[in-house]
Number of protein chains: 2
Amino acid sequence: MKKVIIFGVGLIGGSFALALRKAGAVSEVVGFGRSTATLEQARQLGILDRIGQDVAAEVGDADLILLATPVGQMAELMGRIAPHLGTHTLITDGGSTKCDVVAAARASLGNKLAQFVPAHPIAGGEKSGAGAAQADLYQGKKVVLTPLAENSKASMESVRRAWELCGAAVSEMTPQQHDEVFAAVSHLPHLLSFALVHDLAQRDNRDQLLSFAASGFRDFTRIAASSPEMWRDICMSNRGALMSELQQYAAELYVLHQALESNDAAKLEEIFSLAREVRSAWTQQ
Amino acid sequence: MKKVIIFGVGLIGGSFALALRKAGAVSEVVGFGRSTATLEQARQLGILDRIGQDVAAEVGDADLILLATPVGQMAELMGRIAPHLGTHTLITDGGSTKCDVVAAARASLGNKLAQFVPAHPIAGGEKSGAGAAQADLYQGKKVVLTPLAENSKASMESVRRAWELCGAAVSEMTPQQHDEVFAAVSHLPHLLSFALVHDLAQRDNRDQLLSFAASGFRDFTRIAASSPEMWRDICMSNRGALMSELQQYAAELYVLHQALESNDAAKLEEIFSLAREVRSAWTQQ
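What counts and what doesn't
Residues numbered from 1 in each chain as written. Chains lettered and ligands numbered in written order. Predicted model: local features only at pLDDT ≥ 70, side-chain atom pairs only at ≥ 80, totals over all residues. Heavy atoms only, no water. Salt bridge = Lys/Arg side-chain N within 4 Å of Asp/Glu carboxyl O. Helix = DSSP H or I, 4+ residues; strand = E, 2+ residues; numbered from the N terminus. Buried < 20%, exposed > 50% of the residue type's maximum accessible area, 1.4 Å probe, protein only. Domains from an automatic or database assignment. Contact = heavy atoms within 4.5 Å. Buried area = accessible area lost by both parts, 1.4 Å probe. Polar contact = N/O pair within 3.5 Å; in protein donor to acceptor, adjacent residues only side chain to side chain. Nonpolar A, V, L, I, M, F, W, Y, C, P; charged D, E, K, R; others polar. Least-squares fit on C-alpha atoms with pLDDT ≥ 70 in both.

*Asks:* Before we move on, could you go through the pattern of salt bridges and cite the residues and values that matter?
*Replies:* Tallied over the full model, the rule gives 36 salt bridges over all chains. Two residues, Arg203(A) and Asp199(A), come together in a salt bridge whose shortest N-O distance is 2.9 Å. Among the ionic pairs, Arg222(A) bridges to Asp219(B), the shortest N-O distance being 2.1 Å. Of this pair, Arg222(A) sits in the loop between helix H9 (215–220) and helix H10 (228–237) while Asp219(B) sits in helix H9 (residues 215–220), which puts the two residues in different chains. Take Arg222(A) and Asp219(B): they sit in the same class, and that class is buried.

*Asks:* Hey, could you go over the domain arrangement of chain A for me, with residue numbers and the actual values?
*Replies:* Residue and element names in this part refer to chain A. What the domain assignment reports for chain A is domain 1 (3–172) and domain 2 (177–283). Here the C-alpha centre of domain 2 lies 32 Å away from the C-alpha centre of domain 1. Taken residue by residue, the interface counts 11 residues in domain 1 and 9 residues in domain 2. Between domain 1 and domain 2, roughly 860 Å² of surface is buried when both sides are summed, and carbon and sulfur atoms account for 62% of that area. Viewed at the interface, domain 2 and domain 1 are joined by 0 salt bridges. Applying the counting criterion to the domain 1 and domain 2 interface returns 4 residue pairs in polar contact (both at pLDDT 80 or more). Per-class residue counts for the side of domain 1 that touches domain 2 are 4 nonpolar, 4 polar and 3 charged.

*Asks:* How would you summarise the relation of the copies chain A and chain B if you had to cite specific residues and measurements?
*Replies:* In the superposition of chain A on chain B (RMSD 0.1 Å, axial shift 0.0 Å), the rotation amounts to 180 degrees. This pairing of chains is accounted for by a two-fold axis. No C-alpha of chain A approaches the rotation axis more nearly than that of Phe220(A), which lies at 2.1 Å. Looking at chain A, 100% of its interface residues are interface residues in chain B too, so the copies touch through the same face.

In structure tokens form, the structure reads like this:
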């Protein structure tokens, strides 16, 4: 690829650029973003060759554009770039939810819709920003593509190839499947972890409680230190699937409460044993 | 101390013995347990000097006895040792719950009750057994004593000193306070973690779900790989406080569900922000 453009040069966008560079897959990387300081930092870190000045002028000859902004900003951004996209320019994204990104694309990309192949890289962590970007972030990680019916096979393969060049294992789902899977294995656990810390944070004896919290609490609540804004957006974007998960989980807690109330030790052990078995098998995969 | 006896030579009991030895605080450590193989292993690892054969004959001249068996076995064990205890012999324990251990002691230790100073060392982890024991397990860890009104000041100070010799920071609470604190910061998170994995384990698409689970899920569910038997016992022992925590947590989830249902992004952010703030401050302590 001669030219790749990154919108949002943080952990996800910056690492994508570094990985493509390291693979020798791109000649020039241009970055756009809301913070001049971040863009300048990214240039100094060798993530970007140039800081873009004029979206309309830059996007026409780009081979690939990565949208790595918060999901909430993507619709507006798509509307801005759509009129100027070259016919060969492909777009992908790094959003953690997919139904909403696809809806934004359908609303904002107009006749360029087929050039957009939605993606969710399963990578990240507590650290964020261009300074945290690394060339091997996607190495061995999963990337889920949620292709549109409008995507050509060639477009899909090119975008798949770009993520594979970053070291990722790429799979495909529908946007609905994607959002349901991640509501269960990612969004729900984040919500539950935030909820526990918030629950304790409101107590009169919160300092005493926290002073006796140990390693189990530490691991359970690590994700409660995640970005409130990012997780607000993810939860709102995927609220349907997440509410359904939350209801199912509440039913699970009801069963546990019933077991405690009726002194049903065998039921508790049955639940804990299946959980332990499945969790241990997962670790060994 | 000339002689220390450990009942239950696993991670907790074995590490207590190793730590007292390392501190030069004990001449002889004798161990009892249900598994001859474990006891033999503990002897070979230098945890024990001798494997005890006859409880009645051994306990009379012991300076300190640690009960490090599962809590469910303590009442029977206390009944067995009570008639043979020397007048100077002190007892402590390593149980994770305290109201039930204190109740067992009141029921089973008879006129030796004052010699028992209940303790909960906040240490452990996924590994268990004598093979996992280490002399520095308690170094810098917290130990909570829940003294009885019957304990003499001298008995309490001796037991406190023994745990301090292991490197622990010792504090005191009532058994009720203890069980309420640990219901909130330890027992509830374990229950919630087991519940999430059990919830997903019952799904038709469980393999697909687990294949996309990442580091957030890994940390949140690490404690779901804990011993089902041990956690069944802890939850049953502390069911009153745990049910109360579970109800409070369910109310918290209800608030989150309401926020999602009514599209109240600000409410979500408010909850996540307080959680993040408190969790981050806790890490930096």
